[in-house]
Amino acid sequence: MTAPGTPTTAEELRGVGLRVTAARVAMLETVRDGDHLDVEAIASGVRDRVGHVSLQAVYEALHALTAAGLVRRIEPAGSPARFEGRVGDNHHHVVCRSCGVVADIDCAVGQAPCLTASDGHGFAIDEAEVIYWGLCPACSTARSS
Ligand SMILES: [Zn+2]
Ligand SMILES: [Zn+2]
């Protein structure tokens, strides 16, 4: 199934210096298969794959995967943290104000920071965190009918 030369999930974990456990492999796969899942959804996906895992273990493993750069954490205001497997490309997100659904938006410029600060106050700025807000198609249809 995996193309030759493509590292397996276990090899990716090893590659960033993380101990390979069934739960971590299942977690990375759950995050990648999912669409901006929150911790609860990831925990249930991991349990479907490998059986019971405590929520605490899920938090700890997500923290390790995020710190290692295999998973990206986004935290839109007013919503629980979400996790995704699309990392390293400075893409942004649009969040529905009504139902909270999240979608990816490619970086407007292509690399970080994609906004130039009018006054950087001498900081070496390397990122602008952009979240677009609005109504998703389903919610705007519901509202106008
Ligand atoms: Zn919506
Ligand atoms: Zn995303």
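Bear in mind the structure is a predicted one, so any value in this text is a computation, not a measurement.

## Overview of the overall build of the chain
Argument step 1. A tally of regular secondary structure across the chain gives five helices and six strands.
Argument step 2. N-terminal to C-terminal, the α/β element order of the chain is α-α-β-α-α-β-β-β-β-β-α.
Argument step 3. Within the span of the chain, comprising 145 residues, buried residues form 32% of the whole.
Argument step 4. Nonlocal contacts in the chain, meaning residues at least 24 apart in sequence, comprise 41% of its contacts between residues at least 6 apart.

## Here's the deal with the domain arrangement of the chain
Argument step 1. Per the domain assignment, the segments of the chain are domain 1 (9-82) and domain 2 (89-144).
Argument step 2. Spacing between the C-alpha centres of domain 1 and domain 2 amounts to 23 Å.
Argument step 3. The partner domain 2 presents eleven residues to the seven residues of domain 1 that form the contact.
Argument step 4. Taken together, the two surfaces of domain 1 and domain 2 that pack against each other cover about 660 Å², and 55% of this comes from carbon and sulfur.
Argument step 5. Considering only the side of domain 1, the residues that lose the most area to domain 2 are His36, Arg72 and Pro76, jointly responsible for 61% of the buried surface there.

## Some remarks on the sheet that holds strand β4 (residues 92-96)
Argument step 1. One open sheet accounts for three strands, arranged β5-β4-β6; its pairing is mixed. Whereas interior strands pair on both sides, the edge strands pair on one side only; in this sheet they are β5 (102-105) and β6 (131-134). If you compare each strand with its neighbour and ignore which way they point, the axes differ by 25 degrees on average.
Argument step 2. Where β4 lies against β6, four bridges are found, and the strand directions are parallel. Bridge pairing in β6 places Val95 opposite Trp133.

Parameters at a glance
Residues numbered from 1 in each chain as written. Chains lettered and ligands numbered in written order. Predicted model: local features only at pLDDT ≥ 70, side-chain atom pairs only at ≥ 80, totals over all residues. Heavy atoms only, no water. Helix = DSSP H or I, 4+ residues; strand = E, 2+ residues; numbered from the N terminus. Buried < 20%, exposed > 50% of the residue type's maximum accessible area, 1.4 Å probe, protein only. Contact = heavy atoms within 4.5 Å. Domains from an automatic or database assignment. Buried area = accessible area lost by both parts, 1.4 Å probe. Pairing = 2+ DSSP bridges. Axes fitted to C-alpha atoms, helices over the stretch in contact; angles between N-to-C directions.

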